[in-house]
Amino acid sequence: MTVRTRIAPSPTGDPHVGTAYVALFNYCFAKTHGGQFILRIEDTDQARSTRESEGAILAALRWVGLEWDEGPDVGGPHGPYRQSERSALYREHADILLGKGHAFRCFCTAERLTEVRKAQMAAKQTPRYDGHCLSLSADESARRAAAGETHVVRMKVPDGGTCVVHDRLRDPIHIDYSQVDMQVLLKSDGLPTYHLANVVDDHHMGITHVMRGEEWISSAPKHLLLYGYFGWQAPELCHLPLLRNPDKSKLSKRKNPTSILYYQRMGFLPEALLNYLGRMAWSMPDESEKFGLDQMMAHFDVDRISLGGPVFDVDKLTWLNGRYIREDLDDAQFIERIVRWQLNREALAPLVPLVRPRISTWSDLVDVAGFFLQGMPPITADDLAHKKLEPQEVQRVLQWTQWQLEALPAWDAAAIEATLRATAGVLELKLRDSLAPLFVAISGKKSSTPLFDTIGLLGRDLSLARLRHGLEVLGGVSKKQQGRWQKAYRAALAAQAEAGG
RNA sequence: GUCCCUGUCGUCCAACGGUCAGGAUGACACGCUUUCAACGUGUAGACGAGGGUUCGACUCCCUCCAGGGACACCA
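No experiment lies behind these values; they were computed from the predicted model shown. (Residues numbered from 1 in each chain as written. Chains lettered and ligands numbered in written order. Predicted model: local features only at pLDDT ≥ 70, side-chain atom pairs only at ≥ 80, totals over all residues. Heavy atoms only, no water.)

So, on to the packing of helix α1 (residues 17-32) against helix α9 (residues 270-279). Contact geometry for α1 and α9: axes closest at 9 Å, N-to-C directions at 70 degrees. It follows from the interaxial angle that α1 and α9 lie roughly perpendicular. For the pair α1 and α9, the contacting residues are Val-17, Ala-20, Tyr-21, Leu-24 and Phe-25 in the first and Leu-274, Leu-277 and Gly-278 in the second. In the contact of α1 with α9, the residues fall into seven nonpolar, one polar and no charged. (Axes fitted to C-alpha atoms, helices over the stretch in contact; angles between N-to-C directions. Helix = DSSP H or I, 4+ residues; strand = E, 2+ residues; numbered from the N terminus. Parallel < 35°, antiparallel > 145°, perpendicular 65-115°, else oblique. Contact = heavy atoms within 4.5 Å. Nonpolar A, V, L, I, M, F, W, Y, C, P; charged D, E, K, R; others polar.)

Right, dumping it as structure tokens:
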């Protein structure tokens, strides 16, 4: 049997370092067993998936040095490798389950489900589907579906008993079926949920080993159940510990830069980033810290994966990156790399219209545009002081803007402008005043290139990191204060939504 | 709240019944250096707690505690 593993990212945002981390282990496992590594796009969430995101993810994985044997761009014998192009297959398989009595149609409204959930929460029970449509006769179910009544397909779950999940790295995990929800498999839009699509595809693509984040352990019984229902052999499971923020919570863009694009932009070398990810939860037998993909593969052993959730430590990554710059690049390569980084036509082109009006000599360039190349601008609390705003008001502007930008679906100057204007309105500040602290936090100076374009060019994670940095420079925001602001922020959002219809 | 996972220096990893618990990073100190880095040397710093099992437990078992994850027509 050929070992086949996969990475199955969902194209709903910037390429995540966690994706590269999981991909790396899948890659190493497959390759060290003479197998194949597949890339599949899980874009069944129509509302959030975009082609831009998909392209960025593929490019980012290639950038760190991972290549796949089969995927949406390179093809392969088990395609298509994009779930949105496989919907017929899922419907077919939902029908099989329906036919075998392992699944049922559910006509419940969203309102009813929320109500049930609310009641269960109030009664301190685990929120679960209550089985309302389970009792529908096959005839009635089929008739209502044929009549075009909107419905979903849910999987059935055994009344009693326990599911034993075998994980490559852990003792057998026992989960009672009473804990497993009757998961929706086919949404009312006819597209599958993760659980169905994942199982169907892993089977049809011949995936033998599923290495994925630990967050999936609790839904493993659903997947195992599905394999059983279809009469398929389940792949071996291996749940990797989750990358963490410094506060130990699951790595999130809310608290940390998580986008590979950010690390790219900050000037990390792809080989250093990949090396660092290989040090997360794993070590070389001789404990060496600096190693390339080839060396990692030469010594790879799944059983050397440790299970404590590793904190993604940018400081240590930075140290490692420094070693690569010092030890692995000769002068020519050094130059080539910085050119490839930001000192090239493609990266410079968008700066021209912003910079040209503001310089008289080339030597003005560093002053005007140097911050584009910078990490965190060297600012102090004094720099952020504003004659019309109290220090706390400044913090509030930074904090709100951070929240707004991190939730912004699209990332372009127009959307950013609209958001920042809205923020000023809600905070009842003149745009000019509310923008002042942002100029400083983003560019390091009171005035700079136009803010909206600048933020757009800097990218989401780098902009957010600078806002966070600004807040830190001001001494940080207390949990209590943050809570209060968050409440007001949510309320403002709700009001805005209502006003906007 | 329910279920599940995890628990070694602040952080990342070693040691898988017998070591003064090791390395790296970060911190600090000293050296080198015009400065800063880099580099070199050194210092502080951990087995979550309590019970067992054993001649002997970081390592095995139990209880507790702590952290994390999951509980969607998102993945």
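Now that the structure is up, let's keep going.
Two faces, one strand: in a regular strand the side chains alternate between the faces of the sheet. On strand β1 (residues 4-7), burial covers both faces: Arg-4 and Arg-6 on one face and Thr-5 and Ile-7 on the other are all buried. Tracing the backbone out of β1, into α1 and back to the parallel element strand β2 (residues 36-39) gives a crossover that is right-handed. (Buried < 20%, exposed > 50% of the residue type's maximum accessible area, 1.4 Å probe, protein only. Right-handed = clockwise from strand over helix to strand, strands pointing away.)

To continue, consider the sheet that holds strand β3 (residues 103-106). Strand order in the open sheet made by the three strands is β3-β4-β7, with antiparallel pairing throughout. Each edge of the open sheet is held by one strand with a lone partner, namely β3 and β7 (184-186). Across the sheet, the mean angle separating the axes of adjacent strands is 45 degrees when strand polarity is ignored. In this structure, strand β4 (residues 152-155) lies alongside β7, joined through two bridges in antiparallel fashion. Residue Val-153 lies in a different strand from β7, and its bridge partner there is Leu-186. (Pairing = 2+ DSSP bridges.)

Let us look at the side chain of Lys-222. Within the secondary structure, Lys-222 sits in helix α7 (residues 220-230). Contact partners of Lys-222, with chain neighbours within four places excluded, come to Met-155, Val-180, Asp-181, Gln-183 and His-195.

So, on to the nonpolar core. Formed by 95 residues in total, the largest nonpolar core has its most connected members in Tyr-21, Phe-25, Leu-61, Leu-66, Ile-305 and Phe-312. Per element, the largest residue contribution to this core is eleven residues, and it comes from α1. Residues in contact with Phe-312, not counting those within four places in the same chain, are Val-17, Leu-243, Arg-244, Leu-251, Tyr-263, Leu-273, Tyr-276, Leu-277, Met-280 and Leu-317. Residues Tyr-90, Val-180, Leu-185 and Phe-230 belong to the second largest nonpolar core, which totals 45 residues. (Core = buried A, V, L, I, M, F, W, Y, C linked by side-chain atoms within 4.5 Å.)

As a structural note, the neighbourhood of RNA strand B is formed by 48 residues, with Lys-187, Glu-214, Ala-281, Glu-287 and Glu-289 the closest of them. Backbone atoms, meaning sugar plus phosphate, form 79% of the atoms of RNA strand B positioned within 4 Å of the protein. Between RNA strand B and Tyr-194 there is a distance of 3.2 Å, counted from a phosphate oxygen to a backbone nitrogen or oxygen. A distance of 2.7 Å is found between a sugar or linking oxygen of RNA strand B and a side-chain nitrogen or oxygen belonging to Ser-218. Those elements that place two or more of their residues in the surface near RNA strand B are β4, β6 (173-176) and α11 (314-328). In terms of residue count, the dominant contributor to the surface near RNA strand B is α11 (three residues). Taken together, the residues of the surface near RNA strand B break down into 16 nonpolar, twelve polar and 20 charged. (Near = heavy atom within 4 Å. Polar contact = N/O pair within 3.5 Å; in protein donor to acceptor, adjacent residues only side chain to side chain.)

Attention now moves to the packing of aromatic side chains. Throughout the structure, instances matching the rule amount to 16 aromatic pairs. Ring centres of Phe-371 and Phe-372 lie 4.6 Å apart, and the angle between their planes is 25 degrees; this geometry places the pair in the stacked category. Taken individually, Phe-371 and Phe-372 each receive the classification buried, so the pair is uniform in this respect. Taken together through their ring pairs, the aromatic side chains of Tyr-21, Phe-25, Trp-282, Phe-291 and Phe-300 make up a single cluster. We note Arg-144 situated over the ring of Phe-107; from NZ or CZ to the ring centre the distance is 4.3 Å. A cation over a ring is seen here: Lys-290 above Tyr-324, with NZ or CZ 4.9 Å from the ring centre. (Phe/Tyr/Trp six-rings, centres within 6.5 Å; stacked < 30°, edge-to-face > 60°. Lys NZ or Arg CZ within 6 Å of the ring centre and 35° of its normal.)

Bringing the pattern of salt bridges into the picture now. Enumeration over the complete set of coordinates arrives at 33 salt bridges. Of the charged contacts in the structure, one is a salt bridge between Glu-214 and Arg-170, with a shortest N-O distance of 3.4 Å. Of this pair, Glu-214 sits in the loop between β8 (209-213) and α7 while Arg-170 sits in the loop between β5 (162-165) and β6; the two residues are 44 residues apart in sequence, bridging distant segments of the chain. With its nearest N and O atoms 2.9 Å apart, the salt bridge here joins Glu-289 to Arg-279. (Salt bridge = Lys/Arg side-chain N within 4 Å of Asp/Glu carboxyl O.)

Moving on, we come to the environment of Val-184. Position of Val-184 among the secondary structure elements: in strand β7. Classification of Val-184 as buried rests on a relative accessible area of 16%. When the C-alpha atoms of Val-184 and Ala-103 are compared, they prove to be 9.3 Å apart, with 81 residues separating the residues in sequence. If near-sequence neighbours (up to four positions away) are discounted, Val-184 is found in contact with Val-152, Val-153, Arg-154 and Thr-193.

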